[in-house]
Number of protein chains: 2
Amino acid sequence: MGKSNSKNCPIRFALDLFGDKWSLLIIRDILFKEKRYYDEFIESDEKISTNILADRLKKFEEERFLTKEIDPTNKRRFIYRPTQKALDLLPMLTEMILWSATHDPQTAVAPESHRKIRGDKRSFIERHKAKFRKKGTD
Amino acid sequence: MGKSNSKNCPIRFALDLFGDKWSLLIIRDILFKEKRYYDEFIESDEKISTNILADRLKKFEEERFLTKEIDPTNKRRFIYRPTQKALDLLPMLTEMILWSATHDPQTAVAPESHRKIRGDKRSFIERHKAKFRKKGTD
DNA sequence: CTGTATCCTTAGGGATACTG
DNA sequence: CAGTATCCCTAAGGATACAG
């Protein structure tokens, strides 16, 4: 299902870009855990392997989800920062999290709290975006 | 990354359930294209093969995304209908569609229209839900 | 019509060693 | 530190034939 194939279907378009096993987990680390460095991604619970991580970071840079620059505080490291394109995934990811919150028996949340979270969604997202306005880039 | 592994991460929880190549496309067909029968899924553009489709339908039934019943209008077919758990994916999918609408150069939508779509999101989702209240189930 | 059952292929991913 | 480069392996998926 190559990229040329996502004609006119926005869901397929999205899946072609981040519908694999690792992409959204990396995006999660960037947007919610504020990771910015290669070794920070490597340390994640899921134990991504070095070649896969490098490949995804490259793709994300090519697709303009991330920028890669030399870290000003340490000229021997790279810093990866989310672009607006990545930040724009926050609403979708927030809805995904809300969905899991209601349907995961392990973390199940009462409907009242769910409504509260949903009510807070905008501020939740705005809070995150604000963070990245300092750290992020476009 | 088996299911037992999605401890405390709602994104991983969601990806374990529908993070493969086909699941969200089937959900799309159910929620947006209102497909209900095996052969309707088979006819989709993406040409899913019979064994994969059967496997996903079974999993979705087990995970309570779908119910499977004998079609009252034709006792020799099955009808698959979305549960509330599946319907609850509408907000996430809508955000995914909105994201693609802004970032897919092919279907790119002007920011004004985008804001309009976003403003209409609730009614969009409610319209879909209403449809399924007749056809759907829980 | 709605699937199973097979068989086969391949892309994606894991482990590990190595490098600028 | 931030990756390549290998090598290998497996799960996922395609094609097709068959079955209830």
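It should be noted that the structure appears before, not after, this text.
Residues numbered from 1 in each chain as written. Chains lettered and ligands numbered in written order. Predicted model: local features only at pLDDT ≥ 70, side-chain atom pairs only at ≥ 80, totals over all residues. Heavy atoms only, no water.

## Brief notes about the protein's contact with DNA strand D
Then comes step 1: The environment of DNA strand D is made up of 17 residues, and the closest members are Lys68(A), Arg77(A), Tyr80(A), Asn51(B) and Arg56(B).
Then comes step 2: If you look at DNA strand D and keep only atoms within 4 Å of the protein, 66% of those are sugar or phosphate atoms.
Then comes step 3: Take Tyr38(A): an N or O atom from its side chain is 3.4 Å from a base nitrogen of DNA strand D.
Then comes step 4: The side chain of Arg77(A) places a nitrogen or oxygen atom 3.5 Å from a phosphate oxygen of DNA strand D.
Then comes step 5: For the surface near DNA strand D, the secondary-structure elements that each account for two or more residues are helix 3 (38-42), helix 4 (50-62) and strand 2 (78-82) of chain A together with helix 4 (50-62) of chain B.
Then comes step 6: For the surface near DNA strand D, the element with the highest residue contribution is helix 4 of chain B, accounting for 4 residues.
Then comes step 7: In the surface near DNA strand D, the residues fall into 6 nonpolar, 5 polar and 6 charged. (Near = heavy atom within 4 Å. Polar contact = N/O pair within 3.5 Å; in protein donor to acceptor, adjacent residues only side chain to side chain. Helix = DSSP H or I, 4+ residues; strand = E, 2+ residues; numbered from the N terminus. Nonpolar A, V, L, I, M, F, W, Y, C, P; charged D, E, K, R; others polar.)

## Observations concerning the relation of the copies chain A and chain B
Then comes step 1: Superposing chain A onto chain B requires a rotation of 180° together with a translation of 0.0 Å along the rotation axis, leaving an RMSD of 0.0 Å. Accordingly, the operation relating the two chain copies is best matched by a two-fold axis. Considering only C-alpha atoms, the part of chain A nearest the rotation axis is Met92(A), at 2.6 Å.
Then comes step 2: A high fraction, 100%, of the interface residues of chain A reappear at the interface in chain B, so the copies pair face to face through one surface. (Least-squares fit on C-alpha atoms with pLDDT ≥ 70 in both. Contact = heavy atoms within 4.5 Å.)

## A few points about the environment of Thr50(A)
All names here are of chain A.
Then comes step 1: Here threonine 50 is to be found in helix 4.
Then comes step 2: The spatial distance from the C-alpha of threonine 50 to the C-alpha of tryptophan 22 is 12 Å, given a sequence separation of 28 residues.
Then comes step 3: If near-sequence neighbours (up to four positions away) are discounted, threonine 50 is found in contact with Tyr38 and Ile42.

## Some remarks on the packing of aromatic side chains
Working definition: an aromatic ring pair is given by the centre-to-centre distance plus the angle between the planes.
Then comes step 1: Inspection of the entire model under this criterion finds 9 aromatic pairs over all chains.
Then comes step 2: A ring pair is formed by Trp99(A) and Phe65(B), whose centres lie 5.7 Å apart and whose planes are at 20°; its orientation type is stacked. A residue pair is termed interchain when its members come from two chains, as with Trp99(A) in helix 6 (residues 90-103) and Phe65(B) in the loop between helix 4 and strand 1 (66-70). Across the pair, Phe65(B) and Trp99(A) agree in class, each one buried.
Then comes step 3: An aromatic cluster is defined as three or more aromatic residues linked by ring pairs; in this entry it consists of Phe13(A), Phe18(A), Phe60(A), Phe65(A) and Trp99(B).
Then comes step 4: Above the ring of Phe78(A), the side-chain terminus of Lys68(A) is found at 4.4 Å from the ring centroid. (Phe/Tyr/Trp six-rings, centres within 6.5 Å; stacked < 30°, edge-to-face > 60°. Buried < 20%, exposed > 50% of the residue type's maximum accessible area, 1.4 Å probe, protein only. Lys NZ or Arg CZ within 6 Å of the ring centre and 35° of its normal.)

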